[in-house]
Amino acid sequence: MSLSDRAALTERIDVDLGPRSYPIEVRGGHAAKETDFEDFVRERLEATWAGRGCRKALVVCDAQIQDIWGDRYARHTTNLGLKTRIAEVPTGEKSKSPEALISLYDRLIDLEADRHTLVVAVGGGVIGDLAGFAAASFNRGLPLIMVPTTLLAQVDSSVGGKTGINHPRGKNLIGAFHQPIGVWIDLESLDTLPPREFRSGLAEVLKYGVIQDAVFFDFLENNAEKALARDETVLLHLVSRSCRLKADVVEKDELEHTGLRAILNYGHTVAHAIENVAGYGAYLHGEAVGAGMVAEARLAARLGWIEAALADRIERLVRRLELPATIEGCDMERLIGAMKHDKKNKLGRIRFVLPRKLGSVELTDAPTEDDVREVLRGMMR
Ligand SMILES: NC(=O)c1ccc[n+]([C@@H]2O[C@H](COP(=O)([O-])OP(=O)(O)OC[C@H]3O[C@@H](n4cnc5c(N)ncnc54)[C@H](O)[C@@H]3O)[C@@H](O)[C@H]2O)c1
Ligand SMILES: [Zn+2]
């Protein structure tokens, strides 16, 4: 591959958060030289106080991907002269638990970690959230590098600094904001990702188009088949533009104080209700978001905020990305009940993030429960 091809398959997104600023590097897999990651880590460590004293690293991954990806990144940190250990946790949401967190603290203590010890989170959103929170809390904060390996983690969870675990009585109840010193996205890691997980990530990509960028929505519409086929050039744009769009929101509302960050919840009021009522696992998160975006676009059309034709267009793209546009196995009143418990609500009214036009949304409690029932009725199977 020529030098210019390599350059074309690389994007760098700078997340500007003052002293907590960091870059996201996105590499077209087959363009990424083995040593590029090592150069990236070296540069990131030199750029920070904690990193400059770094002698050790803990690479965290889940059981499913240790052989493929965990070992590779542990080799890289070893090559950098860092005493490296791998911590493997069980696959799945159950690892966002106090027990798994303690197991990471144990590994850090065994490693005699100090405040300079690097945590490298290699995996999906579960690993990013868990290892990120271990890095946020151990010794009051360790340097963290995120290596997201699912599409959802690449375009969403690895950007923005939210880390945390679940409490038996509530998801993401325990957590902290902790920005990484760098995010490394190797698109090659998507090669092994199961199709359902991949499509689930595409739902969040589509979301950015609706909430922030009509041109990006057009791009996805024009390249839906290539996206599904994981065409590398298309993926490079989808991932890097999604990161840029999320970073734009995070830069303006890092700690979720102004309310701007709420726009990322388009489709999510209905999605969270579906996930709750259908039982966690029946729908992957992105699948519920697919149906949720269709429902909330229909709601916006019902309020007269957008033309019905735009809601149709959003639904068509959801379907072309092979995401669900209907709701199955859910009772209507239980869905409404779950929405009433959404954390965005105020004064007992359900709140939604609804499109005003393609590329622009608003948080609102304008829809009545009957509006919601009417829209959902048309989607229930
Ligand atoms: N912090 C945030 O801002 C934020 C945002 C969105 C979601 N999240 C969290 O992210 C989590 C979901 O993340 P997820 O969807 O990535 O789930 P996940 O981490 O469970 O990964 C999904 C599955 O894919 C496997 N996998 C990961 N990378 C792979 C690869 N390259 N090849 C093959 N298999 C691979 C994993 O082993 C797992 O079985 C949730 O806990 C959610 O709360 C956090
Ligand atoms: Zn989401």
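Structure's up top.
Reference entry: report on the structure contained in this document. (Residues numbered from 1 in each chain as written. Chains lettered and ligands numbered in written order. Predicted model: local features only at pLDDT ≥ 70, side-chain atom pairs only at ≥ 80, totals over all residues. Heavy atoms only, no water.)

**Here's the deal with the site of ligand 1**
Taken together, the neighbourhood of ligand 1 is formed by 25 residues, with D62, E93, T149, T150 and T192 sitting nearest. Here W69 contributes a side-chain N or O atom positioned 3.5 Å from a nitrogen atom of ligand 1. Here T149 contributes a side-chain N or O atom positioned 2.7 Å from a nitrogen atom of ligand 1. Considered on its own, ligand 1 offers 860 Å² of accessible surface; in the complex 86% of this is hidden by protein. (Near = heavy atom within 4 Å. Polar contact = N/O pair within 3.5 Å; in protein donor to acceptor, adjacent residues only side chain to side chain. Areas by Shrake-Rupley, 256 points an atom, 1.4 Å probe, with all protein chains shown as cover.)

**Some details on the nonpolar core**
Core analysis: the largest hydrophobic core is formed by 108 residues, its most contacted members being I24, L206, I274, I327, L335, M339 and L376. With 10 residues, helix α11 (residues 232-252) is the largest single contributor of residues to this core. Residues from two domains meet in this core; each of domain 1 (3-193) and domain 2 (199-377) gives at least three. Listed in part, the 21 residues of the second largest apolar core include I65, Y73, L82 and I181. (Core = buried A, V, L, I, M, F, W, Y, C linked by side-chain atoms within 4.5 Å. Buried < 20%, exposed > 50% of the residue type's maximum accessible area, 1.4 Å probe, protein only. Helix = DSSP H or I, 4+ residues; strand = E, 2+ residues; numbered from the N terminus. Domains from an automatic or database assignment.)

**Looking at the packing of helix α12 (residues 268-278) against helix α15 (residues 332-340)**
Here α12 crosses α15 at 120 degrees, and the two axes come no closer than 8 Å. The angle between α12 and α15 places the two elements in the oblique class. Where α12 crosses over α15, the handedness of that crossing is right-handed. Taken together, the residues of α15 that come into contact with α12 (itself represented by T269, V270, A273, I274, N276 and V277) are R334, L335, A338 and M339. Of the residues in the contact of α12 with α15, the class split is seven nonpolar, two polar and one charged. (Axes fitted to C-alpha atoms, helices over the stretch in contact; angles between N-to-C directions. Parallel < 35°, antiparallel > 145°, perpendicular 65-115°, else oblique. Left-handed = near helix turned anticlockwise from the far one by under 90°. Contact = heavy atoms within 4.5 Å. Nonpolar A, V, L, I, M, F, W, Y, C, P; charged D, E, K, R; others polar.)

**Quick word on the coordination of the zinc ion (ligand 2)**
The zinc ion (ligand 2) binds to the protein through E204 (OE), H268 (NE2) and H285 (NE2), with metal-donor distances spanning 2.0 to 2.1 Å. Read N to C, the donor residues that coordinate the zinc ion (ligand 2) are spaced as E-x63-H-x16-H. Of this pair, E204 sits in helix α8 (residues 195-212) while H285 sits in helix α13 (residues 285-302), placing them 81 residues apart in sequence. What makes E204 buried here is its relative accessible area of 0%. A relative accessible area of 25% places H285 in the partly exposed class. (Donors = N, O, S within 2.8 Å, 3.2 Å for Na, K, Ca; no water.)

**Topic: the layout of surface pockets**
If you add up the space inside the second largest pocket, you get close to 370 Å³. Considering the residues around the second largest pocket, the lining is formed by 18 residues, among which T48, A50, P143, H178 and I181 are closest to the centre. Split by residue class, the lining of the second largest pocket holds eight nonpolar, six polar and four charged. (1 Å grid on protein atoms, 1.4 Å probe; cavity = no way out; pocket = protein on both sides within 12 Å on 5 of 7 lines; lining within 4 Å. Points joined across faces, edges and corners; volume = space filled by probe spheres on them.)

**Concerning the packing of helix α2 (residues 34-46) against helix α4 (residues 66-79)**
Packing of α2 against α4 brings their axes to within 10 Å, and their N-to-C directions diverge by 60 degrees. The orientation of α2 relative to α4 falls into the category oblique. Two packed elements cross with a definite hand, and for α2 against α4 that hand is right-handed. Judged by residue contacts, E34, F37 and E38 of α2 engage R72, Y73, R75, H76 and N79 from α4. Its residues assigned to classes, the contact of α2 with α4 comprises two nonpolar, two polar and four charged.

**Structural notes on the side chain of K56**
Within the element layout of this structure, K56 appears in strand β3 (residues 56-62). Buried and unpaired, K56 has no salt bridge, with E112 as the nearest side chain of opposite charge at 4.5 Å. When near neighbours in sequence (up to four residues on either side) are disregarded, K56 contacts L82, K83, L111, E112, T117 and L118. (Lys, Arg positive; Asp, Glu negative; His and termini not counted. Salt bridge = Lys/Arg side-chain N within 4 Å of Asp/Glu carboxyl O.)

**A look at the sheet that holds strand β1 (residues 10-15)**
Within a sheet, neighbouring strands are paired by backbone hydrogen bonds and run either parallel or antiparallel to one another. Here seven strands make up an open sheet; going across it, the order is β1-β2-β9-β6-β5-β3-β4 and the pairing mixed. The sheet is open, and its two edges are formed by β1 and β4 (83-89), each paired on a single side. Taking each pair of neighbouring strands and ignoring which way they run, the sheet shows an average axis angle of 15 degrees. Looking at chain direction, β1 and strand β2 (residues 22-27) are connected through six bridges and run antiparallel. Its bridge partner lying in β2, V15 is registered against Y22. Sheet strands in contact with α2 are β1, β2, β5 (118-123), β6 (144-148) and β9 (182-186), and its direction is about 170 degrees off that of β9. Sitting on the sheet, α11 is in contact with β1, β2 and β9, with an inclination near 5 degrees to β1. (Pairing = 2+ DSSP bridges.)

All we've got here are geometric facts, nothing functional implied.
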